Amino acid sequence: MENRFEPKSIIVTGGAGFIGSNFAHWVIDNQPDVHVTVLDALTYAGNLDNLSGLPEDRFTFVHGNICDADLLDEIVPSSDAIVHFAAESHNDNSISDPAPFIRTNVEGTFQLLEAARKNGTRFHHVSTDEVYGDLALDDPVKFTEDSPYFPSSPYSSSKAASDMLVRAWNRTYGLDVTISNCSNNYGPRQHIEKFIPRQITNILCGIRPKLYGDGKNVRDWIHTEDHSSAVWEILTKGRSGETYLIGADGEKNNIDVLRAILDRMGKQSDDFDWVRDRPGHDRRYAIDSTKLQRELGWRPKHTDFSEGLDDTIAWYTDNESWWKDAKDAVEAKYAAQGQ
Ligand code: NAD
Ligand code: TDX
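Below: a short report on this structure.

Criteria and thresholds
Sequence order as written defines residue numbering, which begins from 1 separately in each chain. A letter from A marks each chain and a number from 1 marks each ligand, given out in the order of writing. Reporting in this predicted model follows two pLDDT cut-offs: at least 70 for local features of residues, and 80 or more for side-chain atom pairs to be given and counted; totals over whole chains, interfaces and linings ignore these cut-offs and use all residues. Just so you know, side-chain values use all the structure's heavy atoms and leave hydrogens and water out. Numbering of helices and strands runs from the N terminus; a helix is a DSSP stretch of H or I covering at least four residues, while a strand is a stretch of E covering at least two. C-alpha atoms define the radius of gyration, and 2.2 Å times the number of residues to the power 0.38 defines the globule rule. We call a residue buried when its accessible area falls under 20% of the maximum for its residue type, exposed when it is over 50%, and partly exposed in between, using a 1.4 Å probe and counting protein chains only. All accessible areas in this document rest on Shrake-Rupley with a 1.4 Å probe, and a residue is counted as covered only by the protein chains that are shown. We count Lys and Arg on the positive side and Asp and Glu on the negative side, and we leave His and both chain ends out. We put the charge of a Lys on NZ, of an Arg on CZ, of an Asp on CG and of a Glu on CD. Nearness here has a simple test: a residue counts as near a molecule or strand if at least one of its heavy atoms is within 4 Å of that partner. Here a polar contact is recorded for every N or O atom pair within 3.5 Å, except that within protein the pair must consist of a potential hydrogen donor and a potential acceptor, and residues adjacent in sequence are included only if both atoms are side-chain atoms. Any residue outside Ala, Val, Leu, Ile, Met, Phe, Trp, Tyr, Cys, Pro, Asp, Glu, Lys and Arg is labelled polar, Gly included; the first ten of those are nonpolar and the last four are charged. In this analysis, strands are considered paired if DSSP registers two or more bridges between them. Nonpolar cores are built from buried Ala, Val, Leu, Ile, Met, Phe, Trp, Tyr and Cys residues. Side-chain atoms within 4.5 Å join them into one set. Residue contacts are defined here by distance: any two heavy atoms, one from each residue, within 4.5 Å place the two residues in contact. The axes used here are C-alpha line fits, helices contributing only the stretch in contact, and every angle between their N-to-C directions lies in the interval 0 to 180 degrees. Note on angle classes: values under 35 degrees are labelled roughly parallel, values over 145 roughly antiparallel, values of 65 to 115 roughly perpendicular, and the remainder oblique. Crossings are classed by handedness, with left-handed meaning an anticlockwise turn of the near helix from the far one by less than a right angle and right-handed meaning a clockwise turn. The rule for a salt bridge is simple: a side-chain nitrogen of Lys or Arg has to be within 4 Å of a carboxyl oxygen of Asp or Glu.

### Details of the overall build of the chain
Reasoning step 1: Summing up its helical and strand segments, the chain has 11 helices and 13 strands in all.
Reasoning step 2: Since a compact globule built from 339 residues should have a radius of gyration of about 20 Å, the 19 Å found for the chain is in line with a globular shape.
Reasoning step 3: Scored against the burial criterion, the 339 residues of the chain give a buried share of 57%.
Reasoning step 4: Summing over all exposed atoms, the chain offers an accessible surface of approximately 14,100 Å²; the carbon and sulfur share of this is 46%.
Reasoning step 5: Positive and negative side-chain charges in the chain, numbering 35 and 54 respectively, have mean positions lying 3 Å apart.

Structure (structure tokens):
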């Protein structure tokens, strides 16, 4: 293994969103010598409240777009690494309007790579297991770093394109890069358009939860705090040019997850609506994280999904002001799509 990379100052793109903000908090809490600069455009998915409480002497917020090359020229030279979370992240949105996905996920990653290349800045790309397409429900196979790319949606194909750019900048220009492809995250501060927070906040608002298709699609759930610790291990100990898959053996089908939420929130197991399926809906994701565990010694902390779900339900119950204003618009958009 290479020597540990010890950055003193990192740029976290997309740090006002769900996973990026959890990562920013994790770094501040666990890496006392590191300064965090969050670069975020504050789209509908970004929220400055997600960064409240971070100490002024170790944290800087820059409001801006990752596609803005002039801004990147200003802020990248003083950083040791870019940890790139910023993205348009929701599959359903990518189906109704793909254009912002190409701009942010492809063009934005390109601009960041160019800024990193000019300054010799180490680059970690936060990507998704969805680049590998999907698996059959009855297939014992899981995704590994050697799985072929078969993205299904405009979102996942834009992430696949950005992974390819990162690999090319490593091979052609020798830029120090790592890539991680993680499975479905859950935890506090996830936007209420996503499956778990949508259903929790539906129940809190007296709306019946909505399940797509036959509800048997499988997702491999990981707590976002475990994603954060894995990204840190890869950034600081991962081999340049390498990809690492992040997952915590959390395969569950959607109907089981929904029933667990209903049960915990005092509802009957059939208190939900079946709604129109997502076009091109991936059937199953499953991650084999052997490389990450063997090579870098990473282990997940949150191995009890029920406990993580209880905490997540409690967080949305206790933080109604965080999501309430967005709820009507999110549900109106879904209703217009028959979902
Ligand atoms: P999110 O939608 O909650 O947050 C995205 C953040 O990026 C927001 O704060 C938004 O304002 C910002 N942003 C969007 N476009 C921008 C631009 N052009 N310039 C600057 N900032 C911009 O997303 P998330 O769920 O936290 O996902 C973060 C990353 O993790 C994404 O790259 C996503 O592909 C990846 N990922 C997510 C999951 C998951 O389960 N959510 C799983 C694996 C990988
Ligand atoms: O209301 C719903 N009902 C429903 O049945 C919603 C919003 C979703 N679903 C289903 C679709 C999926 O099978 O639940 C599953 C999870 O859906 P999402 O939360 O939209 O996540 P997914 O499409 O699996 O993608 C997520 O994980 C991989 C993230 O949004 C991506 O950013 C990440 O790359």
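From this point, the discussion proceeds with the structure in view.
### Points about the site of ligand 2
Reasoning step 1: Near ligand 2 lie 22 residues; those nearest to it are Tyr155, Arg198, Arg219, Arg278 and His281.
Reasoning step 2: Contact distances for ligand 2 include 2.9 Å between an oxygen atom and a side-chain N or O atom of asparagine 254.
Reasoning step 3: Residue arginine 278 places a side-chain N or O atom 2.6 Å away from an oxygen atom belonging to ligand 2.
Reasoning step 4: Coverage of ligand 2 by the protein amounts to 94% of the 660 Å² it exposes when considered alone.
Reasoning step 5: Partitioning the shell around ligand 2 into residue classes produces six nonpolar, nine polar and seven charged.

### Quick notes on the site of ligand 1
Reasoning step 1: Every one of the 28 residues lining ligand 1 counts as a neighbour, but Ile19, Asp40, Ser89, Tyr155 and Lys159 are closest to it.
Reasoning step 2: At a separation of 2.9 Å, an oxygen atom of ligand 1 approaches a polar backbone atom of phenylalanine 85.
Reasoning step 3: Backbone polar atom of asparagine 185 to an oxygen atom of ligand 1: 2.8 Å apart, as the coordinates give it.
Reasoning step 4: The set of elements that each furnish at least two residues to the shell around ligand 1 consists of helix H1 (18-30), strand S5 (122-128) and helix H5 (154-173).
Reasoning step 5: Ranked by the residues each element gives to the shell around ligand 1, the list is headed by S5, at three residues.
Reasoning step 6: Taken together, the residues of the shell around ligand 1 break down into 13 nonpolar, 13 polar and two charged.

### Focus: the pairing of strand S4 (residues 81-84)
Reasoning step 1: Of the two faces of S4, the one lined by Ala81 and Val83 and the one lined by Ile82 and His84 are each fully buried.
Reasoning step 2: When strand S1 (residues 9-13) meets S4, the two strands line up parallel, connected through four bridges. Residue pairing across strands places valine 12 opposite valine 83, the latter belonging to S4.
Reasoning step 3: Inspection of the sheet shows S4 paired to S5 by four bridges, in the parallel sense. Paired with alanine 81 across the strands is arginine 122, a residue of S5.

### A closer look at the nonpolar core
Reasoning step 1: Ranked by size, the top nonpolar core spans 31 residues in total, and within it Ile10, Phe23, Val27, Val36, Val83, Trp232 and Ile246 carry the most contacts.
Reasoning step 2: Mapped by element, the contributors of at least two residues to this core are S1, H1, strand S2 (35-40), S4, helix H7 (224-237), strand S11 (242-246) and helix H9 (290-296).
Reasoning step 3: Residues contacting valine 36, with those up to four places away along its chain left out, are Ile10, Val12, Ala24, Val27, Ile28, Arg58, Phe59 and Thr60.
Reasoning step 4: Counting 27 residues, the second largest nonpolar core, distinct from the first, contains Ile261, Leu262, Met265 and Trp315.

### Overview of the packing of helix H4 (residues 99-119) against H5
Reasoning step 1: Direction vectors running N to C along H4 and H5 enclose 15°, while the axes themselves pass 8 Å from each other. Between H4 and H5, the interaxial angle falls into the category roughly parallel. In this structure, H4 crosses over H5, and the sense of that crossing is right-handed. Side by side, H4 and H5 meet where Phe101, Ile102, Asn105, Val106, Thr109, Phe110, Leu113, Glu114 and Arg117 of the first sit next to Tyr155, Ser158, Lys159, Ala161, Ser162, Leu165, Val166, Trp169 and Tyr173 of the second.

### Structural notes on the sheet that holds strand S6 (residues 177-182)
Reasoning step 1: If you trace the seven strands from one edge of the open sheet to the other, you get S3-S2-S1-S4-S5-S6-S11, paired in parallel fashion. If you trace the sheet from one side to the other, it starts and ends with strand S3 (59-63) and S11, each paired once. Across the sheet, the mean angle separating the axes of adjacent strands is 20° when strand polarity is ignored.
Reasoning step 2: Relative to S11, S6 is paired through five bridges, and the arrangement is parallel. Looking at S11, one finds that serine 180 is bridged to tyrosine 244.

### Some thoughts on the pattern of salt bridges
Reasoning step 1: One pass over the full model with this rule turns up 18 salt bridges.
Reasoning step 2: Between aspartate 92 and arginine 278 there is a salt bridge, with its nearest N and O atoms 2.7 Å apart. A residue pair is termed long-range when its members are at least 10 positions apart, and aspartate 92 in helix H3 (residues 91-96) and arginine 278 in the loop between strand S13 (273-275) and H9 qualify at 186 residues.
Reasoning step 3: The class of aspartate 92 is buried, set by a relative accessible area of 5%.
Reasoning step 4: Note on arginine 278: relative accessible area 15%, which makes it buried.

Function cannot be read off these values alone, since they describe shape.
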